[in-house]
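Examination of the molecular architecture
One letter stands for each residue in the lines below.
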Amino acid sequence: MNRKLDFGPSGIPLAAEGKGLVKGIQTIKELGLEAMELAFVQSVYIKDENKAREVNEARKKAGIRLSVHAPYYINLNAAKKETMDASIERLYLACKMGGLCGAESVAVHAAFRHADESKKIKEKIVNACNQIYEKLDAQQIKIKIAPEFAGKLSQWGSLEEVMNIAHETRGGWCMDFGHAHATSNGSLTTREKFDHILEKIEKFDQNYLKDLHIQCCGITFTEKGERYHTSFDSNESTLNWKAMTESFKAFNVGGICITECPGQEKDALLLKNYYESL
Ligand SMILES: [Zn+2]
(Lines give C-alpha, C1' and ligand atoms only; values in the text may rest on other atoms or scores of the structure.)
Protein backbone atom coordinates (compact mmCIF):
# COMPACT_ATOMS: atom_id res chain seq x y z
CA MET A 1 0.00 0.00 0.00
CA ASN A 2 1.25 3.47 -0.82
CA ARG A 3 1.62 5.58 2.26
CA LYS A 4 0.75 9.27 2.24
CA LEU A 5 3.43 11.91 2.66
CA ASP A 6 1.99 15.38 3.30
CA PHE A 7 4.04 18.40 2.21
CA GLY A 8 3.96 21.95 3.53
CA PRO A 9 6.06 24.89 4.68
CA SER A 10 7.18 26.11 8.07
CA GLY A 11 4.97 29.03 8.98
CA ILE A 12 2.13 30.84 7.25
CA PRO A 13 2.60 30.81 3.45
CA LEU A 14 3.90 34.02 1.87
CA ALA A 15 0.62 34.22 -0.07
CA ALA A 16 -1.19 34.79 3.26
CA GLU A 17 1.53 36.76 5.03
CA GLY A 18 0.26 38.85 7.93
CA LYS A 19 -3.24 37.37 7.68
CA GLY A 20 -3.08 34.98 10.61
CA LEU A 21 -3.14 31.23 11.08
CA VAL A 22 -6.72 30.51 10.00
CA LYS A 23 -6.17 32.24 6.65
CA GLY A 24 -2.75 30.60 6.47
CA ILE A 25 -4.30 27.16 6.78
CA GLN A 26 -6.96 27.91 4.16
CA THR A 27 -4.21 29.12 1.84
CA ILE A 28 -2.23 25.90 2.34
CA LYS A 29 -5.24 24.00 1.02
CA GLU A 30 -5.78 26.41 -1.89
CA LEU A 31 -2.14 25.96 -2.88
CA GLY A 32 -2.67 22.19 -3.04
CA LEU A 33 -0.44 21.51 -0.02
CA GLU A 34 -1.37 19.30 2.93
CA ALA A 35 0.67 20.37 5.94
CA MET A 36 2.10 23.33 7.83
CA GLU A 37 4.44 23.88 10.74
CA LEU A 38 3.46 26.32 13.49
CA ALA A 39 6.75 28.15 13.85
CA PHE A 40 6.90 28.95 17.57
CA VAL A 41 10.68 29.39 17.21
CA GLN A 42 10.85 32.85 18.84
CA SER A 43 7.93 32.28 21.18
CA VAL A 44 4.62 30.42 21.52
CA TYR A 45 2.71 33.29 19.97
CA ILE A 46 -0.76 31.81 20.41
CA LYS A 47 -1.72 32.63 23.99
CA ASP A 48 -5.49 32.22 23.86
CA GLU A 49 -6.94 28.69 24.10
CA ASN A 50 -10.10 29.67 22.22
CA LYS A 51 -8.00 31.06 19.38
CA ALA A 52 -6.12 27.74 19.26
CA ARG A 53 -9.41 25.85 19.04
CA GLU A 54 -10.45 28.08 16.13
CA VAL A 55 -7.21 27.16 14.37
CA ASN A 56 -8.04 23.49 14.93
CA GLU A 57 -11.51 23.94 13.41
CA ALA A 58 -9.96 25.57 10.32
CA ARG A 59 -7.40 22.76 10.17
CA LYS A 60 -10.08 20.06 10.29
CA LYS A 61 -12.17 21.82 7.67
CA ALA A 62 -9.20 22.17 5.31
CA GLY A 63 -8.01 18.61 6.07
CA ILE A 64 -4.40 19.56 6.68
CA ARG A 65 -1.86 18.24 9.17
CA LEU A 66 0.02 20.51 11.56
CA SER A 67 3.33 20.17 13.33
CA VAL A 68 5.05 22.59 15.69
CA HIS A 69 8.58 23.91 15.98
CA ALA A 70 9.28 24.65 19.65
CA PRO A 71 11.15 27.82 20.75
CA TYR A 72 14.91 27.81 20.17
CA TYR A 73 15.50 28.88 23.77
CA ILE A 74 15.25 25.42 25.23
CA ASN A 75 18.00 23.33 26.80
CA LEU A 76 16.87 20.20 28.61
CA ASN A 77 20.46 19.58 29.68
CA ALA A 78 20.89 22.91 31.47
CA ALA A 79 23.07 22.86 34.58
CA LYS A 80 21.05 25.58 36.34
CA LYS A 81 17.69 24.58 37.75
CA GLU A 82 16.00 27.83 36.68
CA THR A 83 17.14 27.38 33.05
CA MET A 84 15.91 23.80 33.15
CA ASP A 85 12.53 24.81 34.60
CA ALA A 86 12.13 27.63 32.06
CA SER A 87 13.00 25.22 29.22
CA ILE A 88 10.44 22.66 30.38
CA GLU A 89 7.81 25.39 30.72
CA ARG A 90 8.47 26.71 27.18
CA LEU A 91 8.29 23.24 25.69
CA TYR A 92 5.14 22.45 27.66
CA LEU A 93 3.48 25.63 26.38
CA ALA A 94 4.46 24.81 22.76
CA CYS A 95 2.95 21.32 23.23
CA LYS A 96 -0.20 22.58 24.90
CA MET A 97 -1.05 25.36 22.43
CA GLY A 98 0.11 23.25 19.46
CA GLY A 99 -2.02 20.36 20.70
CA LEU A 100 -5.09 22.59 21.01
CA CYS A 101 -4.47 23.72 17.40
CA GLY A 102 -4.59 20.04 16.40
CA ALA A 103 -0.86 19.64 15.76
CA GLU A 104 0.55 16.14 16.18
CA SER A 105 4.26 16.54 16.77
CA VAL A 106 6.54 19.19 18.29
CA ALA A 107 10.06 19.39 16.85
CA VAL A 108 12.55 20.63 19.42
CA HIS A 109 16.29 21.27 19.61
CA ALA A 110 16.26 19.41 22.88
CA ALA A 111 19.65 20.02 24.47
CA PHE A 112 23.24 21.15 24.28
CA ARG A 113 25.87 18.54 25.00
CA HIS A 114 28.20 20.68 27.11
CA ALA A 115 30.71 18.08 28.29
CA ASP A 116 28.13 15.54 29.41
CA GLU A 117 27.72 11.90 28.50
CA SER A 118 24.98 11.01 26.04
CA LYS A 119 23.37 8.67 28.60
CA LYS A 120 23.08 11.36 31.23
CA ILE A 121 21.57 13.81 28.74
CA LYS A 122 19.09 11.18 27.61
CA GLU A 123 17.91 10.64 31.18
CA LYS A 124 17.35 14.36 31.67
CA ILE A 125 15.39 14.66 28.41
CA VAL A 126 13.24 11.60 29.14
CA ASN A 127 12.52 12.93 32.60
CA ALA A 128 11.53 16.36 31.21
CA CYS A 129 9.29 14.77 28.55
CA ASN A 130 7.56 12.65 31.18
CA GLN A 131 6.84 15.72 33.33
CA ILE A 132 5.33 17.47 30.30
CA TYR A 133 3.31 14.43 29.20
CA GLU A 134 1.83 14.14 32.67
CA LYS A 135 0.46 17.69 32.45
CA LEU A 136 -0.76 17.18 28.86
CA ASP A 137 -2.45 13.87 29.73
CA ALA A 138 -4.44 15.60 32.46
CA GLN A 139 -5.90 17.81 29.70
CA GLN A 140 -6.31 15.00 27.13
CA ILE A 141 -3.76 16.61 24.80
CA LYS A 142 -2.17 13.87 22.73
CA ILE A 143 0.71 15.64 20.98
CA LYS A 144 4.19 14.05 20.72
CA ILE A 145 7.46 15.72 21.66
CA ALA A 146 9.88 15.17 18.77
CA PRO A 147 13.57 15.81 19.50
CA GLU A 148 15.26 16.75 16.23
CA PHE A 149 18.28 15.35 14.50
CA ALA A 150 20.59 18.24 15.47
CA GLY A 151 22.13 20.74 13.07
CA LYS A 152 25.12 21.77 15.17
CA LEU A 153 27.83 19.62 16.68
CA SER A 154 27.44 21.39 20.04
CA GLN A 155 23.85 20.15 20.19
CA TRP A 156 22.66 16.77 21.41
CA GLY A 157 20.74 14.72 18.81
CA SER A 158 22.40 12.11 16.61
CA LEU A 159 20.08 9.79 14.69
CA GLU A 160 20.49 7.01 17.27
CA GLU A 161 20.02 9.40 20.17
CA VAL A 162 16.75 10.88 18.92
CA MET A 163 15.33 7.47 17.92
CA ASN A 164 16.24 6.08 21.34
CA ILE A 165 14.36 8.88 23.07
CA ALA A 166 11.32 8.02 20.96
CA HIS A 167 11.47 4.43 22.22
CA GLU A 168 11.59 5.57 25.82
CA THR A 169 8.83 8.17 25.60
CA ARG A 170 5.68 8.54 23.50
CA GLY A 171 7.38 7.77 20.19
CA GLY A 172 8.05 11.25 18.83
CA TRP A 173 11.19 12.30 17.00
CA CYS A 174 12.02 14.40 13.97
CA MET A 175 14.34 13.64 11.05
CA ASP A 176 15.92 16.83 9.72
CA PHE A 177 17.74 16.22 6.42
CA GLY A 178 19.09 19.79 6.23
CA HIS A 179 20.76 19.20 9.57
CA ALA A 180 22.05 15.79 8.49
CA HIS A 181 23.64 17.43 5.45
CA ALA A 182 25.18 20.26 7.50
CA THR A 183 26.69 18.01 10.17
CA SER A 184 28.14 15.49 7.71
CA ASN A 185 30.19 18.04 5.78
CA GLY A 186 27.62 18.15 2.98
CA SER A 187 27.41 14.40 2.34
CA LEU A 188 23.80 14.23 1.12
CA THR A 189 24.46 14.53 -2.59
CA THR A 190 23.39 11.09 -3.89
CA ARG A 191 20.44 8.71 -3.67
CA GLU A 192 22.58 6.15 -1.83
CA LYS A 193 23.21 8.57 1.05
CA PHE A 194 19.49 9.18 1.62
CA ASP A 195 18.70 5.50 1.17
CA HIS A 196 21.30 4.69 3.79
CA ILE A 197 19.63 6.95 6.37
CA LEU A 198 16.16 5.56 5.64
CA GLU A 199 17.53 2.00 5.87
CA LYS A 200 18.97 2.80 9.29
CA ILE A 201 15.63 4.19 10.46
CA GLU A 202 13.71 1.19 9.14
CA LYS A 203 16.15 -1.18 10.78
CA PHE A 204 15.84 0.57 14.12
CA ASP A 205 12.04 0.44 14.05
CA GLN A 206 10.07 -0.54 10.98
CA ASN A 207 7.10 1.54 12.18
CA TYR A 208 9.03 4.80 11.96
CA LEU A 209 8.82 5.13 8.17
CA LYS A 210 5.03 4.76 8.32
CA ASP A 211 4.57 8.17 9.93
CA LEU A 212 7.79 10.15 9.91
CA HIS A 213 8.08 13.78 10.98
CA ILE A 214 10.50 15.21 8.39
CA GLN A 215 12.08 18.65 8.15
CA CYS A 216 14.26 19.64 5.23
CA CYS A 217 15.74 22.65 3.44
CA GLY A 218 18.61 23.80 1.29
CA ILE A 219 21.41 24.67 3.69
CA THR A 220 24.86 26.18 4.08
CA PHE A 221 27.26 25.05 6.78
CA THR A 222 30.67 25.31 8.42
CA GLU A 223 32.68 22.64 10.25
CA LYS A 224 30.50 23.37 13.31
CA GLY A 225 27.26 22.58 11.49
CA GLU A 226 24.41 24.58 9.99
CA ARG A 227 24.85 28.21 8.98
CA TYR A 228 21.62 29.24 7.28
CA HIS A 229 18.70 27.76 5.34
CA THR A 230 18.27 28.39 1.61
CA SER A 231 15.82 27.38 -1.10
CA PHE A 232 16.33 23.88 -2.50
CA ASP A 233 17.37 25.18 -5.91
CA SER A 234 19.82 27.79 -4.55
CA ASN A 235 23.38 27.61 -5.87
CA GLU A 236 24.56 27.89 -2.27
CA SER A 237 23.13 24.51 -1.25
CA THR A 238 24.49 21.12 -2.27
CA LEU A 239 21.75 19.03 -0.63
CA ASN A 240 20.36 16.86 -3.44
CA TRP A 241 16.64 17.45 -2.95
CA LYS A 242 15.66 15.40 -5.99
CA ALA A 243 17.53 12.37 -4.69
CA MET A 244 15.95 12.91 -1.25
CA THR A 245 12.46 12.98 -2.75
CA GLU A 246 13.17 9.88 -4.85
CA SER A 247 14.34 8.13 -1.72
CA PHE A 248 11.10 9.02 0.13
CA LYS A 249 9.15 7.48 -2.73
CA ALA A 250 11.32 4.38 -2.99
CA PHE A 251 11.02 3.65 0.75
CA ASN A 252 7.28 4.40 0.75
CA VAL A 253 7.76 6.95 3.54
CA GLY A 254 4.53 8.23 5.08
CA GLY A 255 4.05 11.21 7.38
CA ILE A 256 4.59 14.93 7.27
CA CYS A 257 7.35 16.69 5.31
CA ILE A 258 7.98 20.29 6.33
CA THR A 259 10.18 22.49 4.14
CA GLU A 260 12.01 25.09 6.22
CA CYS A 261 13.17 27.20 3.28
CA PRO A 262 12.94 30.98 2.81
CA GLY A 263 10.78 30.30 -0.29
CA GLN A 264 8.07 28.77 1.97
CA GLU A 265 5.29 27.38 -0.28
CA LYS A 266 7.49 27.63 -3.39
CA ASP A 267 9.88 25.04 -1.96
CA ALA A 268 7.12 22.86 -0.50
CA LEU A 269 5.44 22.77 -3.94
CA LEU A 270 8.74 22.06 -5.65
CA LEU A 271 9.16 18.94 -3.52
CA LYS A 272 5.52 17.85 -3.73
CA ASN A 273 5.34 18.27 -7.51
CA TYR A 274 8.54 16.36 -8.02
CA TYR A 275 7.36 13.61 -5.63
CA GLU A 276 4.12 13.28 -7.57
CA SER A 277 5.92 13.14 -10.91
CA LEU A 278 7.86 10.01 -9.83
ZN1 LIG B 1 14.82 22.90 14.04
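Every value quoted in this text rests on a predicted model; they were computed, and no experiment measured them.

Some details on the coordination of the zinc ion
- The zinc ion binds to the protein through His69 (NE2), His109 (NE2), Glu148 (OE) and Glu148 (OE); the donor distances cover 2.1 to 2.5 Å.
- In this structure, the zinc ion is coordinated by four donor atoms arranged in irregular fashion, with angles at the metal of 53 to 128°.
- Taken in sequence order, the residues that donate to the zinc ion follow the motif H-x39-H-x38-E. Of this pair, histidine 69 sits in strand 3 (residues 65–69) while glutamate 148 sits in the loop between strand 5 (144–147) and helix 5 (159–168), and the two are 79 residues apart along the sequence.
- Its relative accessible area of 2% is what places glutamate 148 among the buried residues.

Topic: the pattern of salt bridges
- According to the stated counting rule, one finds 22 salt bridges in the structure shown.
- A salt bridge links lysine 51 to glutamate 54; the shortest N-O distance between them is 3.7 Å. Taken together, the positions of lysine 51 and glutamate 54, both in helix 2 (residues 49–62) and three residues apart, correspond to about one turn of that helix.
- According to the relative accessible area criterion, lysine 51 is partly exposed, its value standing at 35%.
- Take glutamate 54: its relative accessible area is 45%, and that puts it in the partly exposed class.
- For lysine 120, the salt bridge identified is with aspartate 116, shortest N-O distance 3.3 Å.
- Accessibility expressed as a relative area gives 39% for lysine 120, which makes it partly exposed.

So, the sheet that holds strand 1 (residues 5–9)
- Strand order in the open sheet formed by four strands is 1-10-7-6, and the pairing between neighbours is parallel. What marks the edges here is a single partner per strand, and that holds for strand 1 and strand 6 (174–176). Taking the axes of each pair of neighbouring strands and ignoring which way they run, one obtains an average angle of 20° across the sheet.
- Pairing analysis gives five bridges linking strand 1 to strand 10 (residues 255–259), with the strands arranged parallel. If you follow aspartate 6 over to strand 10, its bridge partner there is isoleucine 256.

Re the UniProt feature "domain: Xylose isomerase-like TIM barrel" (unreviewed entry) in the protein
- In the numbering used here, UniProt assigns the "domain: Xylose isomerase-like TIM barrel" (unreviewed entry) feature to residues 26–265.
- End-to-end, the C-alpha atoms of residues 26–265 are 13 Å apart, and along that stretch the chain is 42% helix and 18% strand.

Observations regarding the packing of aromatic side chains
- Here the structure, examined in full by the defined rule, presents eight aromatic pairs.
- Where phenylalanine 177 meets phenylalanine 194, the ring centres are 5.8 Å apart and the plane angle is 50°; that geometry is what we call tilted. Placement of phenylalanine 177 in helix 6 (residues 177–182) and of phenylalanine 194 in helix 7 (residues 191–204) is noted, with a sequence separation of 17 residues between them. With respect to burial, phenylalanine 177 and phenylalanine 194 carry one shared label: buried.

Notes on the packing of helix 3 (residues 81–100) against helix 4 (residues 118–137)
- It is at 10 Å that the axes of helix 3 and helix 4 come closest, and there the two elements cross at 45°. Comparing their axes, helix 4 and helix 3 come out oblique. Considering the relative orientation of helix 3 and helix 4, their crossing is right-handed. Contacts from Met84, Ile88, Glu89, Leu91, Tyr92, Cys95 and Lys96 in helix 3 reach Lys124, Ala128, Gln131, Ile132, Lys135 and Leu136 in helix 4.
- When its residues are assigned to classes, the contact of helix 3 with helix 4 shows eight nonpolar, one polar and four charged.

Quick look at the nonpolar core
- Residues Leu91, Trp173, Phe177, Ile201, Met244 and Phe248 are the most contacted members of the largest nonpolar core, which totals 85 residues.
- Apart from the residues lying within four places of it in its own chain, the contact partners of phenylalanine 177 are Leu188, Phe194, Ile197, Leu198, Ile214, Gln215, Cys216, Leu239, Met244 and Phe248.

Thresholds, definitions, all that
Per chain, residues are indexed from 1 in the order of the written sequence. Reporting in this predicted model follows two pLDDT cut-offs: at least 70 for local features of residues, and 80 or more for side-chain atom pairs to be given and counted; totals over whole chains, interfaces and linings ignore these cut-offs and use all residues. Based on all heavy atoms of the structure, the side-chain values leave hydrogens and waters out of the count. Water is absent from the atoms considered, so a metal site may look incomplete; donors are defined as N, O and S atoms within 2.8 Å of the metal, or 3.2 Å for Na, K and Ca. Donor angles set the geometry label: tetrahedral for four donors if every angle is between 85 and 135 degrees, square planar for four and octahedral for six if opposite donors exceed 155 degrees and the others are between 65 and 115, irregular for anything else. Starting at the N terminus, helices and strands are each numbered in turn, a helix being any DSSP run of H or I of at least four residues and a strand any DSSP run of E of at least two. Whether a residue is buried, partly exposed or exposed follows from its accessible area with a 1.4 Å probe, protein chains only, as a fraction of its type maximum: under 20%, in between, or over 50%, in that order. Any carboxyl oxygen of Asp or Glu within 4 Å of a side-chain nitrogen of Lys or Arg constitutes a salt bridge here. Here, strands pair whenever DSSP counts at least two bridges between them. In this analysis an axis means a line fitted to C-alpha atoms, helices contributing only their contacting stretch, and an angle means the value between N-to-C directions, from 0 to 180 degrees. UniProt positions are given in the numbering used here, feature names are shortened, and annotations may be inferred rather than shown by experiment. Stacked, tilted and edge-to-face are the three classes applied to pairs of Phe, Tyr and Trp rings, where Trp contributes its six-membered ring and a pair requires centres within 6.5 Å; stacked means planes under 30 degrees apart, edge-to-face means over 60, and tilted covers the rest. The cut-offs work like this: below 35 degrees is roughly parallel, past 145 is roughly antiparallel, 65 to 115 is roughly perpendicular, and the gaps in between are oblique. In this scheme, a crossing is called left-handed if the near helix is turned counterclockwise away from the far one by less than a right angle; it is called right-handed if the turn is clockwise. What makes two residues a contact is simply this: any of their non-hydrogen atoms within 4.5 Å. In this classification, the charged set is Asp, Glu, Lys and Arg, the nonpolar set is Ala, Val, Leu, Ile, Met, Phe, Trp, Tyr, Cys and Pro, and all remaining amino acids, among them Gly, are polar. Take the buried residues of types Ala, Val, Leu, Ile, Met, Phe, Trp, Tyr and Cys, join any two whose side-chain atoms come within 4.5 Å, and each joined set is a nonpolar core.

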